[in-house]
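# A look at the structure
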Amino acid sequence: MGAIVYLSRIETFSAAHRLHSSSLSDKENKEIFGKCNNPNGHGHNYKVEVTVKGEINPITGMVMNLMDLKECIKIAVMDVLDHKNLDLDVPYFKDKPSTSENLVVFIWHNIRQVLKDGELYEVKLYETEKNLVVYRGENLDLSIN
């Protein structure tokens, strides 16, 4: 068995959303989500970091081709989320709040559908420079879409 290496790629996308739960009253939503519950929404420049794990291929010297990982992120993240309103344009958020926690699970699932080489290890999602969430596939609900 060869050395196990973690390979990451970072991309940035912009999206709008409103933090709101249909399971809560308007008053409860305002109390919990504060200004992020603005009826007209708000936006973020998200940063997503996708990490794959694997052995170095002795012929190519790579865990996977970075161009393949870049294309995977384009298909699974950028094409689906960039310059979108998460609540209006992404069916997954029709019945769940578009929190970063739910968004990182959605991204993980989408990448798993596209990724061919390498083993997906981790997805980090930075909502702001100070706020991030990390997901490693634990307890993934396979009925995500």
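Worth saying up front: this structure is predicted, and the values here are computed from it rather than measured.

The subject of this paragraph is the pattern of salt bridges. Proximity of charged atoms lets side chains of opposite charge pair with each other. Counted according to the given criterion, the structure contains 5 salt bridges. Here Lys74 makes a salt bridge to Asp79, at a shortest N to O gap of 3.1 Å. The exposure class assigned to Lys74 is partly exposed, which follows from its relative accessible area of 38%. Owing to a relative accessible area of 41%, Asp79 belongs among the partly exposed residues under this scheme. Here Arg136 and Glu122 are joined by a salt bridge, their closest N and O atoms 2.6 Å apart. Here Arg136 is found in the segment after β5 (132-135), whereas its partner Glu122 is found in strand β4 (residues 119-126), with 14 residues between them in sequence. The partly exposed category is assigned to Arg136, whose relative accessible area is 41%.

Turning to the UniProt feature "binding site: Zn(2+)" (unreviewed entry) in the chain, a few remarks are in order. Taken from the UniProt record, the annotation "binding site: Zn(2+)" (unreviewed entry) applies to His17, His42 and His44. On the basis of their most widely separated C-alpha atoms, the annotated residues across 28 residues gather in one place, lying no more than 8.5 Å apart. You can see His42 is positioned in strand β2 (residues 42-55). If sequence neighbours within four positions are ignored, His42 has contacts with Ala15, Ala16, His17 and Cys36. Residue placement: His44 occurs in strand β2. Given a relative accessible area of 14%, His44 falls into the buried group.

Cut-off values and rules
- Residues numbered from 1 in each chain as written.
- Predicted model: local features only at pLDDT ≥ 70, side-chain atom pairs only at ≥ 80, totals over all residues.
- Heavy atoms only, no water.
- Salt bridge = Lys/Arg side-chain N within 4 Å of Asp/Glu carboxyl O.
- Buried < 20%, exposed > 50% of the residue type's maximum accessible area, 1.4 Å probe, protein only.
- Helix = DSSP H or I, 4+ residues; strand = E, 2+ residues; numbered from the N terminus.
- UniProt positions renumbered as here; feature names shortened; annotations may be inferred.
- Contact = heavy atoms within 4.5 Å.

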